[in-house]
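Below, each chain spelled out in residue letters.
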Amino acid sequence: MGVYNVHGGHNSIVPGTSYYLNEVTEDRKVKNKVISLLKSLGNTVYDCTDDAGRTQGQNLANIVAKCNAHNVDLDISIHLNAGGGTGVEVYYYSGDSVGAAKATAVSAAISEALGIRNRGAKPTTGLYVLSNTRATAILVECCFVDNTTDKNAWNVDKCATAIAEAVTGKSVSSSTGSTATKKKSADVQLWTPNNTFAQRWIPHKNADGTYCLECASCGLYLDVMSGGLSNPNPVWVYEKNGSDSQKWIVQQVDKDGYDPDFARPIELIPVVNKNLRLDCVDGRNEDGTGIQVFTANGTTAQQWGLVDTGAGSWVLINVDSSKALDVKNGG
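Despite not being glycine, H10 has its phi angle at roughly 65°, a positive value. Relative to the elements of secondary structure, H10 occurs in the loop between β1 (3–8) and α1 (23–40). Here the phi dihedral of N195 falls at roughly 65°; this positive angle occurs in a residue that is not glycine. Its place among the elements puts N195 in the loop between β9 (185–191) and β10 (201–205). The class for N195 is exposed, based on a relative accessible area of 62%.

Core analysis: the largest hydrophobic core is formed by 40 residues, its most contacted members being I76, I138, W154 and I163. Of all the secondary structure elements, the ones that give two or more residues to this core are β1, α1, β3 (74–81), β4 (88–93), α3 (97–114), β6 (137–144) and α6 (156–168). The element that contributes the greatest number of residues to this core is α6, accounting for eight residues. Those residues in contact with W154 that lie beyond four places of it in its chain are L21, E26, V30, L80, L114, C142, C143 and C159. In terms of nonpolar packing, the next biggest core, distinct from the first, is built from 29 residues, V237, L306, W314 and V327 among them.

We now examine the layout of surface pockets. There is about 1200 Å³ of room inside the largest pocket. In this structure, the largest pocket is lined by 41 residues; those nearest its centre are K102, A166, V167, T168 and G169. Elements represented by at least two residues in the lining of the largest pocket include exactly α3 and α6. With nine residues, α3 is the single largest residue contributor to the lining of the largest pocket. Within the lining of the largest pocket, the residues separate by chemical class into 16 nonpolar, 14 polar and eleven charged. Considering the residues around the second largest pocket, the lining is formed by 19 residues, among which H10, H79, L127, L139 and E141 are closest to the centre. Looking at the lining of the second largest pocket, the elements that each hand over two or more residues are α2 (56–68), β3, α4 (128–132) and β6.

Attention now moves to the packing of aromatic side chains. Summed over the entire model, instances satisfying the criterion amount to three aromatic pairs. On the basis of an interplanar angle of 15° and a centroid distance of 5.2 Å, the ring pair of W236 and Y238 is categorised as stacked. For the residue pair W236 and Y238, the accessibility class agrees, reading buried in each case.

This part takes up α6. Helix length check: α6 (13 residues) gives 18 Å between terminal C-alpha atoms against 18 Å at 1.5 Å per residue, within 8%. With ten of 13 residues buried, α6 is to be regarded as a mostly interior element. The complete set of buried residues in α6 reads V156, C159, A160, T161, A162, I163, A164, E165, A166 and V167. Where α6 is buried, its residues meet β1, α1, β3, α3, β6 and β7 (171–172). Residue N155 occupies the N-cap position of α6, its side-chain oxygen lying 3.1 Å from the main-chain nitrogen of D157.

Quick look at the confidence of the model for the protein now. Taken residue by residue, the protein gives an average pLDDT of 90. The fraction at 70 or more is 93%. Here residues 174–183 scores under 50 on pLDDT; set against residues more than four positions off or in separate chains, the count is 19 contacts. The low-confidence segment residues 256–262 (pLDDT under 50) makes twelve contacts with residues lying over four places distant or belonging to another chain.

Right, let's talk about the sheet that holds β6 for a bit. If you walk across this open sheet you meet the six strands as β2-β1-β3-β6-β4-β5, and the pairing is mixed. The open sheet has two free edges, formed respectively by β2 (44–47) and β5 (118–124), since each of these has just one partner strand. When the angles between neighbouring strand axes are averaged without regard to direction, this sheet yields 20°. Here six bridges tie β3 to β6, and the two strands are oriented parallel to one another. Each bridged residue has a counterpart across the sheet, and for N81 the counterpart in β6 is F144.

As a further point, take the packing of α3 against α6. Following both chains from N to C, one finds α3 and α6 inclined at 145°, their axes separated by 8 Å at the closest point. Judged by the twist between their axes, the crossing of α3 over α6 is right-handed. Residues K102, A105, V106, A109, I110, A113 and L114 of α3 pack against K158, C159, A162, I163, A166 and V167 of α6. For the contact of α3 with α6, the per-class residue count stands at eleven nonpolar, no polar and two charged.

The subject of this paragraph is the environment of A105. Residue placement: A105 occurs in helix α3. Take A105: its relative accessible area is 16%, and that puts it in the buried class. Through-space distance from the C-alpha of A105 to that of I163 is 8.6 Å; in sequence the pair is 58 residues apart. The contacts of A105, once residues within four sequence positions are left out, are A166 and S217.

This part takes up the environment of L41. Here L41 lies in the loop between α1 and β2. Put simply, L41 and G2 are 39 residues apart on the chain and 9.3 Å apart in space, counted from C-alpha to C-alpha.

Definitions and limits used
- Residues numbered from 1 in each chain as written.
- Predicted model: local features only at pLDDT ≥ 70, side-chain atom pairs only at ≥ 80, totals over all residues.
- Heavy atoms only, no water.
- Helix = DSSP H or I, 4+ residues; strand = E, 2+ residues; numbered from the N terminus.
- Buried < 20%, exposed > 50% of the residue type's maximum accessible area, 1.4 Å probe, protein only.
- Core = buried A, V, L, I, M, F, W, Y, C linked by side-chain atoms within 4.5 Å.
- Contact = heavy atoms within 4.5 Å.
- 1 Å grid on protein atoms, 1.4 Å probe; cavity = no way out; pocket = protein on both sides within 12 Å on 5 of 7 lines; lining within 4 Å.
- Points joined across faces, edges and corners; volume = space filled by probe spheres on them.
- Nonpolar A, V, L, I, M, F, W, Y, C, P; charged D, E, K, R; others polar.
- Phe/Tyr/Trp six-rings, centres within 6.5 Å; stacked < 30°, edge-to-face > 60°.
- Expected span 1.5 Å × (residues − 1).
- Polar contact = N/O pair within 3.5 Å; in protein donor to acceptor, adjacent residues only side chain to side chain.
- pLDDT = per-residue confidence, 0-100.
- Pairing = 2+ DSSP bridges.
- Axes fitted to C-alpha atoms, helices over the stretch in contact; angles between N-to-C directions.
- Left-handed = near helix turned anticlockwise from the far one by under 90°.

This is the structure:
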């Protein structure tokens, strides 16, 4: 289970924005609901909201001090927006690939839940909370208080549920209080490189030297479907489960072991069957080509160039097609 800090922005002394909706009133409602839902899923949650700071600086400093008092997986800052726009957007600290993935997922989830525009994940170094909290942090601008479309679509329960589900990958039932794991999955494919998070993979190195690869756009993991019981066997992305079907050996072609420079192409070897390799179906190279594991054969359909983005993620380019390992529709 995860550990989270959650807080509502501003306070009644240094209030946020207000028009059709009042930011402080609504962000407290969302904050309380998010905390309740995260706890119902078995997570540890700390409320880091500040109601005492008498200036904006004091308010922000108090929030950061509360957040940094705990070792957590994610800080979640809840706000509402203003300025004549419409939709939801989520900020993260520029260069933090984990924050980018969470921000992307939360923005998409709220957009879908409320039926408002998805303005997406926004990198920045100019927000105090994101720059000064020790843990990865996201700042959620749930909707615009001065837009009638957003005001009419506004629903605290739907917004909070979307946030809780997006950061945990689990579904919640706000009506009954029951919880259930949402079996999330998506197809992987070859696709022309496009610099989207659907083609960025966050490497998580395991104690045994293997890697789990998390898609930055959806938080799902590169996974051998059904545990690799057949050959060939389809590959998809699936929610994190710690199984060997999500562990990969990264090996240079014609060279044993891991070299962070990857001067040569690599092969990805599934731990569930080390005789197999990550492979393009039928050696095809057009957009939409499926991905599988297949008997090692030394062909370029099983060789990948690894591009380090410099932001904690990799892009994997198939040597034969020069196309990227991609999650269909971003997951």
